[in-house]
Amino acid sequence: LMTRCCTCRKVRWAASPSQPFKFPSYEDQHIWPLRASHRGGSFEEPENTMRAFENSVLNHNINFLECDVHLTRDNVVIIAHDYDLSRICSLEEEDTRKFIGEFTLKELPKLKKAFSTGIFEEIQYQSPLEQEEPASLCKLEDLFYLCKHDPRFEQTIVNIDMKKQPSDLKKTLTGKDMSDVEVFATYKLKCDLVHRLITTYEMERRVFWCSPASREHEFLRSEMFAEINRCFNAKHMLQVVFMYLIGLTWLLPLKDQHYSSPILTQTTYQRLLVKRREQGGGSCFTRLMVWLFMKLLQNCQGLYRHLKARGCVITLWAVNSPEEMEEVFNLYKDGSSDRSLIDGVMTDFPERLATFIKAKG
């Protein structure tokens, strides 16, 4: 009752976002709903490659691309989810290098033709053609070039996950331990290089970025990057959810503009239960906690209504099957209007999402 009462207070009482969201409004029919592909659509094409991004935008009308970036040894911004290339790339047995920061741009290895990928479910990506040339990692600049110069990409929004170098990889090429100051300096360099690309290709209004780590995310909020939209990081999201549960969300200042939350649907929950049974089960306590987590994520309608009234954009990830898409569509339908409480969903299957949206008109 407290949650319902407090989140329904007049929004003019609430602290507004520190910076208005710069994406186009609902009236721009080319942008909404946000049709997002995770890692470019990692279940259909090799993740985080130009093949994946082009397949999503050109073939399935995706208007929102999610990617992660890292720096090579010669300070080129590369799109890749993992700093460790072992999962996706074909590494030479005699070469002991495996981290992106150990390779120059020209030295980066090709991707494997088959590798595991996914979030709530893991699949084995397999190249459809045996004779097909292995895909390559691409530069962030290549994607931005398309977004600026190719009319088919002119409405594309890009989400950049600014991961920091993992704490257990604090090694220079000389083998010395890197101090926290040196690690953070490397992160600041990456931010400066990405920011330079954003401004060079005039992507300020079509990019948002975030970092999972609190210190690094706070750096993204600094005045020098004020024109770039940001996604809520995990800490900020937990604060928002906690304040929602005690009914005081309206008191919380919103420092970021895009609320991108995981969603655990009933379909995914049942699939996870089956998988756990096949692997030998799992304790009742574990199943209960997963169920409570699922219900918490599914019962945020009041929170989403409140966030949207304060100017935030909301997307959910990762929604992959038609059953999940239907469930999310029905779960977050705004009863007071014909619009949804969320602005879009993120998927690893852009073709399925395109088919679902077309069926819904």
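Procedures and definitions
- Residues numbered from 1 in each chain as written.
- Predicted model: local features only at pLDDT ≥ 70, side-chain atom pairs only at ≥ 80, totals over all residues.
- Heavy atoms only, no water.
- pLDDT = per-residue confidence, 0-100.
- Contact = heavy atoms within 4.5 Å.
- Axes fitted to C-alpha atoms, helices over the stretch in contact; angles between N-to-C directions.
- Helix = DSSP H or I, 4+ residues; strand = E, 2+ residues; numbered from the N terminus.
- Parallel < 35°, antiparallel > 145°, perpendicular 65-115°, else oblique.
- Left-handed = near helix turned anticlockwise from the far one by under 90°.
- Nonpolar A, V, L, I, M, F, W, Y, C, P; charged D, E, K, R; others polar.
- Buried < 20%, exposed > 50% of the residue type's maximum accessible area, 1.4 Å probe, protein only.
- Patch = residues over 30% accessible without salt bridge, like charges linked within 9 Å, V, L, I, M, F, W, Y side chains within 5 Å.
- Areas by Shrake-Rupley, 256 points an atom, 1.4 Å probe, with all protein chains shown as cover.
- Salt bridge = Lys/Arg side-chain N within 4 Å of Asp/Glu carboxyl O.
- Expected span 1.5 Å × (residues − 1).
- Arc of directions from axis to C-beta.

A. Inspection of the confidence of the model for the chain at higher detail. Residues of the chain with pLDDT of at least 70 account for 82%, and the chain-wide mean is 84. Scored below 50 in pLDDT, residues 5-13 makes 11 contacts in the model with residues more than four places away or belonging to other chains.

B. Representation of the packing of helix H2 (residues 50-60) against helix H3 (residues 140-149) in the model. As a packed pair, H2 and H3 sit with axes 11 Å apart at the nearest point and diverge in direction by 25 degrees. One element, H2, and the other, H3, form an angle in the roughly parallel class. Considering the relative orientation of H2 and H3, their crossing is right-handed. Only Asp142, Leu143 and Leu146 of H3 make contact with H2, whose side of the interface consists of Met50, Phe53 and Glu54. Residue classes in the contact of H2 with H3 are distributed as 4 nonpolar, no polar and 2 charged.

C. Representation of the environment of Pro109. Tracing the backbone through its elements, the reader meets Pro109 in the loop between strand E3 (77-79) and strand E4 (114-117). On the basis of relative accessible area, Pro109 is assigned to the buried category, the value being 13%. Along the sequence, Pro109 and Lys98 sit 11 residues apart, while their C-alpha atoms lie 9.5 Å from each other. Setting aside residues no more than four positions away along its own chain, Pro109 makes contact with Leu85, Cys89, Ser90, Leu91 and Phe103.

D. Expanded view of the packing of H3 against helix H4 (residues 180-200). Remark: H3 packs on H4, axes separated minimally by 10 Å, with the N-to-C direction vectors making an angle of 15 degrees. It follows that H3 is roughly parallel to H4 by the angle criterion. The way H3 lies across H4 gives a crossing that is right-handed. Where H3 abuts H4, its residues Leu140, Glu141, Phe144 and Lys148 lie against Val194, Leu197, Ile198 and Thr200. Grouping the amino acids of the contact of H3 with H4 by side-chain chemistry returns 5 nonpolar, 1 polar and 2 charged.

E. Structural context of a nonpolar patch on the surface. A contiguous nonpolar surface patch, about 500 Å² in accessible area, is contributed by Phe285, Leu288, Met289, Trp291 and Leu292. Residue placement: Met289 occurs in helix H8 (residues 284-298).

F. View of helix H7 (residues 266-278). For H7, built from 13 residues, the straight-helix expectation of 18 Å at 1.5 Å per residue is met to within 8% by its first-to-last C-alpha distance of 19 Å. Within the sequence span of H7, burial applies to Thr268, Tyr269 and Leu273. Projected down its long axis, H7 carries its buried residues within an arc of 140 degrees, all on one side. On its buried side, H7 packs onto H8 and helix H10 (322-331).

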